[in-house]
Amino acid sequence: MDSLKTLLAQLDPPLKHHVEMRGEDMLLTLVDPLIPAKAERSLQPRQYQNPGLLYVVLLHAINELRGKGSQAPLRVFPITGHDASDRASG
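Summarised in this report is the structure supplied together with it. Source: prediction; values computed, not measured.

Another aspect to go through is the overall build of the protein. Per the secondary structure count, the protein includes four helices and three strands. Along the protein, from the amino end to the carboxyl end, the secondary structure elements read α-β-β-β-α-α-α. Considering the protein as a whole, with its 90 residues, one finds that 31% of them fall into the buried category. Within the protein, contacts between residues at least 6 apart in sequence are counted, and of these 35% link residues at least 24 apart. For the protein, the exposed surface amounts to about 5,500 Å²; the carbon and sulfur share of it is 52%.

Another point: unusual backbone geometry. Working note: non-glycine residues mostly have negative phi, and peptide bonds are mostly trans. Cis geometry marks the peptide bond from Pro13 to Pro14; its omega dihedral reads 10°. For Pro14, the location among the structural elements is in the loop between α1 (2-9) and β1 (16-22). Cis geometry is adopted by the peptide bond preceding Pro36, which originates at Ile35 and carries an omega value of -15°.

Time to look at the nonpolar core. Counting 19 residues, the largest nonpolar core has Leu8, Leu15, Leu30, Leu43 and Leu58 as the members making the most contacts within it. Elements with a minimum of two residues in this core: α1, β2 (25-32), β3 (37-43) and α3 (51-67). Residue contributions to this core peak at six residues, all from α3.

For side chains of opposite charge, pairing can occur when their charged atoms come near one another. Applying the stated criterion across every chain, the model contains five salt bridges. Arg22 is paired through a salt bridge with Glu20; the nearest N and O atoms lie 3.2 Å apart. Judged by relative accessible area, which is 30%, Glu20 ranks as partly exposed. One salt bridge in this structure joins Glu40 and Lys38, with 3.6 Å as the shortest N-O distance. Looking at Glu40, the relative accessible area reads 41%, which means it is partly exposed. If you follow the salt bridges from partner to partner, you end up with Arg41, Glu64 and Lys68 in one network.

Rules and cut-offs
- Residues numbered from 1 in each chain as written.
- Predicted model: local features only at pLDDT ≥ 70, side-chain atom pairs only at ≥ 80, totals over all residues.
- Heavy atoms only, no water.
- Helix = DSSP H or I, 4+ residues; strand = E, 2+ residues; numbered from the N terminus.
- Buried < 20%, exposed > 50% of the residue type's maximum accessible area, 1.4 Å probe, protein only.
- Contact = heavy atoms within 4.5 Å.
- Areas by Shrake-Rupley, 256 points an atom, 1.4 Å probe, with all protein chains shown as cover.
- Core = buried A, V, L, I, M, F, W, Y, C linked by side-chain atoms within 4.5 Å.
- Salt bridge = Lys/Arg side-chain N within 4 Å of Asp/Glu carboxyl O.

See below:
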């Protein structure tokens, strides 16, 4: 969970975030306060415990915000030592 917090902190600015546990599931909300716009994702443990899958979910959420007018960069910093090109080829 500390890795997730570190990753989300790197998105701020421009995006704010909120993480809420609902039993075992996690509700992740990304907000661009300049629009304002938000993207929510409900994640099961298998999704938020898998760094590669979490990376893709975050990219999709950021892309959703961009579709609503956000200027947030379409990138997410890797949680592990692997970069995005390693995930795409693996």
